[in-house]
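For reference, the chains in residue letters:
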Amino acid sequence: MTSDYDRLRNGIEFMTAYVSGNDLLTAYVTERRREDPMATEALMDGAAALCALLLRKMARDTGKTEQELLQELARGTHRHERQSGE
């Protein structure tokens, strides 16, 4: 059983590689898969745990519900994609 700390640590490592660029992300994921064939599932689980923690924190900080924040993100992403396509 993986602890919440380990799940969040995996998520932070994965997102650090993600924001560092495609080359580092690819190298990180490749290395993790070499160490553990089930790494993809662990990375996805870690990213989900990190997102959930951040979503809860944003909800507390803003006074909005988690659902409201998700809807705002969805609308903002949709609006951005429409503007980029024009």
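The rules behind each value
Residues numbered from 1 in each chain as written. Predicted model: local features only at pLDDT ≥ 70, side-chain atom pairs only at ≥ 80, totals over all residues. Heavy atoms only, no water. pLDDT = per-residue confidence, 0-100. Helix = DSSP H or I, 4+ residues; strand = E, 2+ residues; numbered from the N terminus. Expected span 1.5 Å × (residues − 1). Buried < 20%, exposed > 50% of the residue type's maximum accessible area, 1.4 Å probe, protein only. Arc of directions from axis to C-beta. Contact = heavy atoms within 4.5 Å.

Q: Residues and numbers for the confidence of the model for the protein chain, please.
A: With 98% of its residues at a pLDDT of 70 or more, the protein chain has an overall mean of 92. Averaged pLDDT values over the elements of the protein chain bottom out at 87 in helix 4 (residues 66-85) and peak at 96 in helix 3 (residues 39-62).

Q: Can you lay out helix 2 (residues 22-35) for me, pointing to particular residues and giving the numbers?
A: In this model, helix 2 (14 residues) spans 20 Å end to end at C-alpha, consistent with the 20 Å of a helix rising 1.5 Å per residue. Along helix 2, the residues classified as buried are L25, Y28, V29 and R32. The buried residues of helix 2 occupy one face: seen down the axis, they fall within an arc of 95°. For helix 2, exposure combined with an orientation more than 90 degrees from the buried face picks out D23, T26 and R34. For helix 2, the elements touching its buried residues are helix 1 (4-19) and helix 3.

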